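Listed here are the chains, written in short residue letters.
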Amino acid sequence: MSEDVFGIDLGTTYSAIAHMDEYGRPQIIQNRDGQNTTPSVVYFESASNFVVGQEAKNGARVYPDETVSLIKREMGEKNERIFFDQPFYPETISSLILKQLVTEAQEATGSTSSKVVITVPAYFGLGEKESTRQAGQIAGLDVVGILAEPVAAALSVGITSAQDKCYFVYDLGGGTFDCTVLRVTQNAFEVVATDGNRKLGGADWDEALFDLVLSKFVQESGIDDDPAADPEFYQGLMNDVETAKKTLSKKEKARLRCSYEGVQAVIFVTKEEFEAATRHLLNETLDIVQRTLDAATSKVPGLNIDEVLLVGGSSRMPQVAEGLSSRFPWPLRNTEFDLAVAQGAAIYGSGVQPAVSDGDGGEGSAAPADDLPMLGSGQEIVLDGRQVTFTNVLSKSVGVRFFNKKTKEHYIGFLAHAQDKLPVHTTMTAFTIEDHQTSVELQLYEQSGEAESQEVEHNKRITPEGVDPRITGLPDLPEGSPIELTLSITNEGLASLHAVEPTSGHELTLEASLSTMQPEELEQARGIVSRMDISI
Ligand code: AMP
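These notes cover the structure that comes with them.

**Looking at the sheet that holds strand 22 (residues 409–416)**
Then, in step 1: Strand order in the open sheet made by the 4 strands is 22-21-25-26, with antiparallel pairing throughout. The open sheet terminates on both sides in strands that have one partner only, identified here as strand 22 and strand 26 (459–461). Mean inter-strand twist for the sheet, computed between neighbouring axes without regard to direction, equals 45°.
Then, in step 2: The pairing of strand 21 (residues 398–404) with strand 25 (residues 444–447) spans 3 bridges and is antiparallel. Along strand 25, the bridge assignment pairs Val400 with Leu444.

Okay, structure coming up:
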């Protein structure tokens with residue numbers, strides 16, 4: 001049997017880890033607290049100690065400045081935090097979660113494997129996926145695969161490629177919402193369309209319930225200042241409303257105890273009140289379902305959804321199934337909700353062939369950009385003895401910065417669009433601005449907002465740092481001379497732009513820069529994390 005590969009669902013609010021048991025079934029590995037999921041919360045106790053999980057989450061109310069939650073929302077962004085005089089980026093903080101999950105899983109299973117498959121939302125862009133891979137590398141793990149969460153969820157319920165069906169994966173987690181149309185054909189899992197909102201999830205339902213409970217408390221107790229301004233009250237009630245929300249998935253009424261400056265009250269919230277206070281959030285998810293369906297049917301006319309897979313802890317709320325059934329005619333299938341993705345990642349990990357695995361988890365992390373290991377290695381894996389291919393769509397549009405002579409402004413011209421099937425190979429012709437132009441500058445951009453926008457500031461520059469992005473030494477050309485551009489994006493989502501001036505043959509190839517961390521920062525982070533111990 002091949003070496004154990006841990007499947008990790010690195011979630012916004014909760015994470016989970018699984019492996020294949022001796023019977024070849026995916027098995028969630030409980031953490032030290034005996035729980036299936038671990039809050040993705042990190043508490044920095046000292047320069048050399050950290051705590052991840054429920055204890056960190058509970059401590060957040062006492063140590064708000066030393067506690068970090070929802071870090072997944074910052075993946076791919078350069079947000080530095082300082083704890084005990086040391087710099088921590090989103091990748092470093094995520095690496096501590098990974099380190100704890102794997103350490104506990106190794107303890108529980110007796111396995112010494114450091115091979116992992118980590119899942120990401122299907123709509124994560126290039127940079128976010130690379131950040132996730134780097135988080136694994138910083139933790140000293142061998143990342144053998146980066147897998148889209150909806151695909152993992154489908155694998156978890158035993159969907160195999162022996163059939164020909166189309167699934168809609170509705171994944172409402174703690175902090176992200178992910179919609180995917182997944183077509184499963186002979187030997188292939190194909191993401192047809194994907195969409196979502198990375199800032200929408202159970203935490204928003206918690207906030208709405210918080211506001212509801214707070215207004216009842218203020219009204220009933222007659223307090224005239226704002227208890228929510230008190231961090232201790234805020235954190236305490238935040239934790240309690242999450243429990244109450246889970247109660248309302250099973251019962252008609254939940255009871256909460258509020259206490260502020262000696263004033264105490266018991267507050268009751270009904271399921272009906274909760275659903276009314278969160279209807280706008282549910283409707284937002286349903287609108288995204290429609291948008292995803294429209295994108296899928298415009299690509300594959302006549303596409304028919306056979307079944308909806310309900311994934312993510314928040315899909316346990318009855319309002320989700322009710323809302324979907326009221327707007328769409330599709331049959332619904334429950335998965336293991338917050339455990340499905342980790343289970344699917346373990347199944348995927350079991351199929352990754354040693355030859356396919358890139359084995360880059362260790363020393364390769366400081367490699368120069370053009371040497372970077374490709375994302376999502378193991379796009380072809382063996383499942384149930386069959387070679388299975390996984391294809392995805394581009395999650396964000398990619399383009400080049402051009403200049404509009406009329407408006408005298410820069411804008412982004414897109415060569416590849418979100419939802420284009422990968423791999424992408426597209427060409428276009430651009431033109432020089434003026435006579436005798438000796439160089440052209442090429443800047444590669446990726447859409448950063450939810451929708452494509454030509455405004456430069458709505459996009460993220462992904463031209464690599466430290467590289468001259470210009471073709472120089474052009475012959476004497478008149479204004480409007482052509483420059484041929486070719487954008488290629490691999491199955492793994494790695495983009496490169498090739499530009500050539502046809503008369504001279506002068507050319508340039510730019511690989512998209514995926515990392516927000518520089519090699520030396522990555523090395524430093526690995527050093528910091530390797531010296532940090534998990535507090536027990
Ligand atoms: P996930 O990211 O998939 O682990 O989902 C975590 C989210 O699911 C958190 O916001 C939890 O509060 C929420 N959740 C878990 N169980 C339930 C439940 N029974 N009812 C409502 N929400 C839940």
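**A word on the pattern of salt bridges**
Then, in step 1: Tallying each qualifying case throughout the model produces 22 salt bridges.
Then, in step 2: As a salt-bridge pair, Lys246 and Glu242 come within 3.7 Å of each other at their nearest N and O atoms. Taken as a pair, Lys246 and Glu242 lie in helix 6 (residues 231–247) at a separation of 4 residues, close to a single helical turn.
Then, in step 3: Residue class for Lys246 comes out partly exposed when judged on its relative accessible area of 44%.
Then, in step 4: One salt bridge in this structure joins Glu465 and Arg461, with 3.1 Å as the shortest N-O distance.
Then, in step 5: Its relative accessible area of 51% is what places Glu465 among the exposed residues.
Then, in step 6: Here the salt bridges do not stand alone but share partners, grouping Arg32, Glu104 and Glu107 into one network.

**Overview of the side chain of Thr180**
Then, in step 1: With respect to the helices and strands, Thr180 occurs in strand 13 (residues 177–185).
Then, in step 2: A polar atom in the side chain of Thr180 sits 3.4 Å from the side chain of Thr194.
Then, in step 3: The contact partners of Thr180, leaving out residues within four places of it in the chain, are Ala122, Pro150, Tyr167, Phe168, Val169, Val191, Ala193, Thr194 and Thr292.

**Focus: the site of the ligand**
Then, in step 1: Of all residues adjacent to the ligand, which total 15 residues, the nearest are Gly174, Glu242, Lys245, Ser249 and Gly313.
Then, in step 2: Interatomic distance of 2.6 Å between a side-chain N/O atom of Ser249 and a nitrogen atom of the ligand.
Then, in step 3: The contact in question runs from an oxygen atom of the ligand to an N or O atom on the backbone of Gly313, over 2.9 Å.
Then, in step 4: Tallying contributions element by element places helix 6 first for the shell around the ligand, with 3 residues.
Then, in step 5: Of the residues assigned to the shell around the ligand, the class counts are 2 nonpolar, 8 polar and 5 charged.

**Description of the state of the cysteines**
Here a disulfide denotes one covalent bond, and it connects the sulfur atoms of two cysteines.
Then, in step 1: Within the structure shown, the criterion is met by 0 disulfides.
Then, in step 2: Here Cys166 stays unpaired: no disulfide links it, and the sulfur of Cys179, its closest cysteine neighbor, is 13 Å away.

**Some remarks on the nonpolar core**
Then, in step 1: Among the nonpolar cores identified, the biggest contains 52 residues, and Phe168, Tyr170, Val213, Val269, Val289 and Leu324 are the most heavily contacted of them.
Then, in step 2: If you look at the next biggest cluster of nonpolar residues, it comprises 39 residues, including Ile29, Phe83, Ile93 and Ile138.

**Notes on the sheet that holds strand 6 (residues 49–52)**
Then, in step 1: Across the sheet, which stays open at both edges, the 4 strands sit in the order 7-5-6-31 with mixed pairing between neighbours. Two strands in the sheet have a free side with no partner beyond their single neighbour: strand 7 (67–68) and strand 31 (533–534).
Then, in step 2: Of the strands in this sheet, strand 5 (42–44), strand 6, strand 7 and strand 31 are in contact with helix 2 (residues 90–109), which crosses strand 6 at around 75°.

**Some points on helix 6**
Then, in step 1: Here helix 6 is 17 residues long and its end C-alpha atoms lie 24 Å apart, about the 24 Å a rise of 1.5 Å per residue gives.
Then, in step 2: The complete set of buried residues in helix 6 reads Phe233, Gln235, Gly236, Leu237, Met238, Asn239, Val241, Glu242, Ala244 and Lys245.
Then, in step 3: Looking at the buried positions of helix 6, the neighbouring elements they touch are strand 2 (14–20), helix 1 (54–59), helix 5 (202–221), strand 15 (253–260) and helix 7 (271–299).

**Regarding a negative patch on the surface**
Then, in step 1: On the surface, Asp224, Asp225, Asp226 and Glu261 cluster together to form a negatively charged patch.
Then, in step 2: For Glu261, a relative accessible area of 65% puts it in the exposed group.

**Quick look at helix 8 (residues 318–327)**
Then, in step 1: Buried within helix 8 are the following residues: Gln319, Val320, Gly323 and Leu324. The buried side chains of helix 8 occupy one side of the element, clustering within an arc of 130° when seen end-on.
Then, in step 2: On the buried face of helix 8, the contacting elements are strand 12 (165–172), helix 5, helix 7, strand 17 (307–311) and strand 18 (332–337).

Basis of the calculations
Residues numbered from 1 in each chain as written. Predicted model: local features only at pLDDT ≥ 70, side-chain atom pairs only at ≥ 80, totals over all residues. Heavy atoms only, no water. Pairing = 2+ DSSP bridges. Helix = DSSP H or I, 4+ residues; strand = E, 2+ residues; numbered from the N terminus. Axes fitted to C-alpha atoms, helices over the stretch in contact; angles between N-to-C directions. Salt bridge = Lys/Arg side-chain N within 4 Å of Asp/Glu carboxyl O. Buried < 20%, exposed > 50% of the residue type's maximum accessible area, 1.4 Å probe, protein only. Polar contact = N/O pair within 3.5 Å; in protein donor to acceptor, adjacent residues only side chain to side chain. Contact = heavy atoms within 4.5 Å. Near = heavy atom within 4 Å. Nonpolar A, V, L, I, M, F, W, Y, C, P; charged D, E, K, R; others polar. Disulfide = S-S within 2.5 Å. Core = buried A, V, L, I, M, F, W, Y, C linked by side-chain atoms within 4.5 Å. Expected span 1.5 Å × (residues − 1). Patch = residues over 30% accessible without salt bridge, like charges linked within 9 Å, V, L, I, M, F, W, Y side chains within 5 Å. Areas by Shrake-Rupley, 256 points an atom, 1.4 Å probe, with all protein chains shown as cover. Lys, Arg positive; Asp, Glu negative; His and termini not counted. Charge placed at Lys NZ, Arg CZ, Asp CG, Glu CD. Arc of directions from axis to C-beta.

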